[in-house]
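Inside the fold
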There are 2 protein chains.
Amino acid sequence: MKEIAGGVCAPIGFMAGGIWCGIKAQSQKRDLALIYSEKSCTASAVFTTNRVKAASIIVSMEHIAAGKLHAIIANSGNANACTGAAGLDAAQRMAALAADEFVINPRHVAVASTGVIGVPLPIAAIENSIGALANSLRGDEAGHAAALEAIMTTDTRKKEVSVEIEIGGLPVRIGGMAKGSGMIHPNMATMLCFLTTDAAISRELLDKSLHRAVSRSFNRLTVDGDTSTNDMVVVMANGASGIPAITEEDDGYELFAGALEACCVKLVRAMARDGEGATKLVTVTVNGTDDEATAETLAKSIASSSLVKTACFGADANWGRILCAMGYSGAEFDPLQTTVAFKSTAGEITVFKNGEPFPFYEEDAKNILSQEEIEIIITIGNENNAVSVWGCDLTYDYVKINGDYRS
Amino acid sequence: MKEIAGGVCAPIGFMAGGIWCGIKAQSQKRDLALIYSEKSCTASAVFTTNRVKAASIIVSMEHIAAGKLHAIIANSGNANACTGAAGLDAAQRMAALAADEFVINPRHVAVASTGVIGVPLPIAAIENSIGALANSLRGDEAGHAAALEAIMTTDTRKKEVSVEIEIGGLPVRIGGMAKGSGMIHPNMATMLCFLTTDAAISRELLDKSLHRAVSRSFNRLTVDGDTSTNDMVVVMANGASGIPAITEEDDGYELFAGALEACCVKLVRAMARDGEGATKLVTVTVNGTDDEATAETLAKSIASSSLVKTACFGADANWGRILCAMGYSGAEFDPLQTTVAFKSTAGEITVFKNGEPFPFYEEDAKNILSQEEIEIIITIGNENNAVSVWGCDLTYDYVKINGDYRS
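Summary of the structure given here. (Residues numbered from 1 in each chain as written. Chains lettered and ligands numbered in written order. Predicted model: local features only at pLDDT ≥ 70, side-chain atom pairs only at ≥ 80, totals over all residues. Heavy atoms only, no water.)

1. Overview of the overall build of chain A
This is how it is decided: Counting from the N terminus, the helices are the DSSP runs of H or I reaching at least four residues and the strands are the DSSP runs of E reaching at least two. A simple rule labels every residue: compare its accessible area, found with a 1.4 Å probe on the protein chains alone, to the largest value its type can have, and call it buried under 20%, exposed over 50%, or partly exposed in between. Every residue pair with non-hydrogen atoms within 4.5 Å of one another is taken to be in contact. Positive charges are assigned to Lys and Arg, negative charges to Asp and Glu, while His and the chain termini are left out of the count. The atoms used to mark charge sites are NZ of Lys, CZ of Arg, CG of Asp and CD of Glu.
When helices and strands are counted, chain A shows eleven helices and 15 strands. Each principal axis of the C-alpha distribution contributes one length, and for chain A these read about 70 × 55 × 35 Å. Burial status across chain A gives 62% buried among its 407 residues. Contacts in chain A between residues at least 24 apart in sequence constitute 79% of all its contacts with a sequence separation of at least 6. Of the side-chain charges in chain A, 33 are positive and 48 negative, and the distance between the mean point of each set is 5 Å.

2. Let's talk about the sheet that holds strand β10 (residues 281–287) of chain B
All names here are of chain B. So the rule is basically this: If DSSP finds at least two bridges between two strands, the strands pair. To define axes, lines are fitted to C-alpha atoms, for helices over the stretch in contact only, and angles between the resulting N-to-C directions are given on a 0 to 180 degree scale.
On the basis of which strands lie adjacent, the open sheet formed by six strands has the order β13-β12-β11-β14-β10-β15 and mixed pairing. The open sheet has two edge strands with one neighbour each: β13 (356–357) and β15 (387–392). Two strands pair when backbone bridges link them, and β10 and β15 are joined in this way by six bridges, in the antiparallel orientation. Paired with T283 across the strands is W390, a residue of β15. Together, β10, β14 (373–380) and β15 form the strand contacts of helix α6 (residues 251–273), whose direction differs from that of β15 by roughly 35°. Contacting β11 (338–344), β12 (347–353), β13 and β14, helix α9 (residues 319–327) crosses the sheet at an angle of about 125° to β11.

3. So, the sheet that holds strand β12 (residues 347–353) of chain A
Residue and element names in this part refer to chain A. Across the sheet, six strands lie side by side as β13-β12-β11-β14-β10-β15; this open sheet has mixed pairing. Taken across any chain shown, the strands that pair with only one partner, and hence form the sheet edges, are β13 (356–357) and β15 (387–392). Pairing of strand β11 (residues 338–344) with β12, which is carried by six bridges, proceeds in the antiparallel orientation. In the sheet register, F342 faces β12, and the bridge partner there is I349. Here helix α6 (residues 251–273) sits on the sheet and contacts β10 (281–287), β14 (373–380) and β15; the angle it forms with β15, its principal contact strand, is near 35°. Along the sheet, helix α9 (residues 319–327) makes contact with β11, β12, β13 and β14, crossing β11 at roughly 125°.

4. Considerations on helix α2 (residues 84–102) of chain B
Residues and elements named next belong to chain B. The test is simple: To estimate how far a helix should reach, multiply one less than its number of residues by 1.5 Å.
Between its first and last C-alpha, α2 extends 29 Å over 19 residues, near the 27 Å set by a 1.5 Å rise per residue. Taken together, the buried positions of α2 are occupied by G87, A90, A91, M94, A95, L97, A98, A99 and F102. Along its buried surface, α2 packs onto β3 (32–47), α1 (55–64), β4 (68–78), β5 (109–116) and α3 (123–135). A positive phi of about 50° marks V103, the residue just after α2.

5. Quick look at the side chain of S129(A)
Residues and elements named next belong to chain A. The line we're drawing: Side-chain atoms alone can form a polar contact between residues adjacent in sequence; in general such a contact is a pair of N or O atoms within 3.5 Å, and within protein one must be able to donate a hydrogen while the other accepts it.
You can see S129 is positioned in helix α3 (residues 123–135). A relative accessible area of 11% means that S129 is categorised as buried. Polar side-chain contacts of S129 include one of 3.1 Å to the backbone oxygen of A125. Beyond its immediate stretch of four places on either side in the chain, S129 contacts I19 and C21.

6. Focus on the pairing of β11(B)
Residues and elements named next belong to chain B. Across the seven residues that make up β11, a large majority, six, are buried. Pairing between β11 and β14: six bridges, direction antiparallel. Each bridged residue has a counterpart across the sheet, and for K343 the counterpart in β14 is E375. Here β11 folds back onto β12 in antiparallel fashion, the turn holding two residues.

7. Some words on the pattern of salt bridges
One side chain can pair with another of opposite charge once the charged atoms of both are near each other. The condition is simple: Here, a salt bridge means any Lys or Arg side-chain nitrogen found within 4 Å of an Asp or Glu carboxyl oxygen.
The full count for this structure, using the stated rule, is 40 salt bridges over all chains. In this structure, K159(A) engages D155(A) in a salt bridge whose closest nitrogen and oxygen atoms are separated by 2.6 Å. Classification of D155(A) as buried rests on a relative accessible area of 9%. Put simply, K300(B) and E296(B) hold a salt bridge, and the shortest N to O gap is 3.1 Å. In this pair, K300(B) and E296(B) are both assigned in helix α7 (residues 292–303), four residues apart and thus about one turn of the helix distant. Each of R212(A), R216(A), R220(A), E254(A), E261(A), E292(A), E296(A) and K300(A) takes part in one network of salt bridges that share partners.

8. Some points on the state of the cysteines
Rules: Put simply, a disulfide is two cysteine sulfurs that come within 2.5 Å.
Tallied over the entire structure, the rule returns zero disulfides over all chains. The structure places no disulfide on C82(B), whose sulfur is separated from the nearest cysteine sulfur, that of C324(A), by 8.8 Å. Here C392(B) is not disulfide-linked; the sulfur of C312(B) is the nearest cysteine sulfur, at 9.5 Å.

9. Focus on the environment of R107(A)
Residues and elements named next belong to chain A. Relative to the helices and strands, R107 resides in the loop between α2 (84–102) and β5 (109–116). Distance in space between the C-alpha atoms of R107 and A96 is 8.3 Å, their sequence separation being eleven residues. Apart from the residues lying within four places of it in its own chain, the contact partners of R107 are E62, H63, K68 and L69.

10. Things to note about unusual backbone geometry
Residue and element names in this part refer to chain A. Of note in the backbone geometry, Q28 takes a positive phi value of approximately 55° without being a glycine. Of note, Q28 is situated in the loop between β2 (14–19) and β3 (32–47). Unusually for a residue other than glycine, N80 sits at a positive phi of about 45°. Here N80 shows up in the loop between β4 (68–78) and α2.

11. A word on the nonpolar core
Put simply, the test is: Within this scheme, the nonpolar core is defined by two criteria: the residues are buried Ala, Val, Leu, Ile, Met, Phe, Trp, Tyr or Cys, and they are joined through side-chain atoms within 4.5 Å.
The biggest cluster of nonpolar side chains holds 69 residues, and the ones touching the most others in it are F194(A), I302(B), I322(B), M326(B), F342(B), I376(B) and I378(B). Membership of the second largest hydrophobic core comes to 67 residues, among which are V308(A), W319(A), I35(B) and A112(B).

12. What to know about the environment of G320(B)
Within the secondary structure layout, G320(B) lies in helix α9. Sequence separation between G320(B) and V351(B) is 31 residues; the distance between their C-alpha atoms is 9.9 Å.

13. Side note on the pairing of β3(A)
Residues in a regular strand point their side chains to alternate faces of the sheet. Residue and element names in this part refer to chain A. Summarising burial for β3: 13 of the 16 residues are buried, a large majority. Taken together, the six bridges between β3 and strand β9 (residues 232–237) define a ladder with antiparallel strand orientation. Note that in β9 the partner of V46 across the bridge is V233.

Dropping the structure here:
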C-alpha cells in the first residue's frame, strides 16, 4: 500500500467540487460540496446512533438502502437538525437538485449537513447555486480540496487520505476526506467521512469491510462523550479500476478491507489530533486481554477520562488515574497482572508493574509526555491482541471554544 | 424536619475529633479523624464499585458485614490504594489502633482513606498520634468541625448537615459530613460521607433506607465520569434517642428514610457546588417519563455532557446540545413531545417545545444562566415523575486543577 495524491479524486472516475452558496453568511467560506461519479457506484454507509437524527441522516438512510449512489451533496454552516417537516423537505430537495443536474435518480444521491442545530436550512441559497456547484467539479486534487474545504466548520486541519494497492496485479485506489475533531464540534457539528474507491466489490462485502473499518477506527475515536445528530461515513465504489469484482472473502478482499481500514485510521488520528483545543494526540493501547472487546472497553475508559486527559495536557505521569479509569470501566482485569507504560518519540517508561508502583524519574516521564503524540500502553499478562483507541488531551481551549459558541 | 447545629455530633451519644498526625507533611493541616459512639451502633455502608479498591475499602467491607460499628477512623493525604499487602496491613492496623484505645472489637471500626494513590501509608505517624486523636474527641459542633477538616483534601467548602425529626413524639437526630466534589478530586481522591443518627432501627431497614437515599442522591451526582477507588458512605445508628426501634416500614420508617435522603441530597448539592473549578450548581430535572430509570438516564446524560457543562459555564442557552445528549443516552423518548426550559432565581424560559425551537430572547436566557444555581428542566409529555440529578459546569479551572496536580 502506498500513499498517493488526490484525495477522493484519486480513484479513477470521481470528481469533486465545492463553492460558497451563502449559508456561511458571515465568513463567506465554502459551504456546499459535491462528490460525483459518472458510473453508478455500489455504496455503503454507517450513520449516527443518536435517537435525534438530522434530516440529512433520515434521507440518506433511505437512499442508501438500495446500495447504489452516484453522488454525495453536503453543506456546512447548518446542521438541518431539529428543524421539523420543513427540514426533511429541504434535505430531499438537496438530493433532487443534484439529481436534476446530472439526470440521475434522486435516490442515488446521499445528503449530508453539518453546522448549527435548530435553524432552518436556507434551501434557496442551494437552489440558486446548484449549477455553479456542478460546474465546480474537477477530477483532480483541486476538486478534492475544494469539496473538503466546503464541509469544514471549526476544523483547524485537513483530514484527507488517498492510497493505492494492487489486487491481482492491477492498481486500485481508495480516497477519503473527513471533517470533525476528536472532540465533537460546537453544536455537535458532526463527524462526516466520504470515501471513494475504484475497486469493484459486491454490496455485501463493501458493507462488511466498511463496518469492520469503522468499528476499528471511528468507533475507537474517544470523543468527549457527545455523539452528533449528523454523523455519517459513506463509501462509494465505482469499479473503474477494471479489477474483477470482489465477491468472496479472498486475498483481494483482505487487501481491500485492510486498506480501507488504514484509510479510516489515518483520518481518525487526524481528527483526534484536531480535537477542540487539543495539543496532543493520545493513543491508548491495551495488550493481553482474552478478547478484543475487553481491551477496547479498558482503552476507551482511559482515553475518555477527563482526569487522564487533563493529566496528558499537563504532561503528568499520573498512572493512578489510569488504573482508576480501568477499574470503573466495567471490564474484568487483574490489577496485579497489569503494567502501565508511557511512550513517545522521546522514549518509553514503565510506571506501574504487576500491581505496584514502578520507580521512574519524573523528569523522564515529563519529557515523554510533553511530545505532540503520546501513547499510554497497558499490558495485562502478555502482549497479545493489541487494541488501540485514539483521543486527545483536555485543555483550557476546549472550555473556551465550547463555553460560548453560539453567541 | 428542622435543621439543627452539630453535624455528626448532633445525634445524642456521638463524639468526633480530628488532629494533624503528619501525613499531610507539607501543609500541616488536620489529616486524621475519628467518629465514636460509646454505645455499639447498628451500621450500614455503600462502597465504590471500582474494581480497583483501596485497602480501607476492603477492610471496611469486611468489618461492616456484621452490621455493627463503634467508630470510624479516617485519614486524608494518602489514599492507601494500589499499595499491595503492606497497604492492607496498614488499614487493619488503623482499625486495631482505634479499637485498642476504647477496648472495643477492631471489627467494629470502619476505616477510610483519601489522598494520593500508590504511596505507602505512613502508619507510624498514626500509631504515634492515636492517643492524641482519642483525646481530641468532643461531643459538640467543635468535635464535628475538627473531624470534618481532617477528611478534607482540596475541598473549598464544608459539606455538613444535621436535622431533627419527630418519630412517635420523640426527637430523633441525623448528622452528616462529606468530602469530595461534583467532579472527583485529583488522584480520584474520593467521596467520603459519614452519617450518624440516634434513631433505633433494625439493620435491615437501615440498609434499605441508606440504599434508597444513596440511589437518589450520591448516585445522581454526575461527576466527570471518574469513580474513585476509595468512595464510601457509612451510617451509624446508636438508638440513643430512646424511640422504640424501627423494625417495620411504618410511618416512623418513612420519616426516618425521608430525612436520611434529605441529608444526603443536601451533602450532594454541596459537593456539586464545590466541583473542581465549578462556578455553578447545575440541577437537571426530567419530568413525564413512564419510569424513574428513563428519567435518570436522560438527566445524567445531559448533566455529564462536556458540551452542556461548558455551555453552562458560558451561560449559553445551547439547547441543541441538551437534545443531543438525550439522543445518545440510550433512553427512549419522543423528541416531538419534548420541552426544554432553563430556570434560576432570575426567572424561567422555554427554549424548545414539542420538537421545535421556541422563540426566546438571548438576553433573558443569558441572565437566567448567569446565576450560581441553575436548573435545566425537561418535560416529556406531562409533568409527572420528576427526577433530579446534580452536576456543575466545566471551566478553565477544572483543567488547571487537574492538569498538573502531582508535581
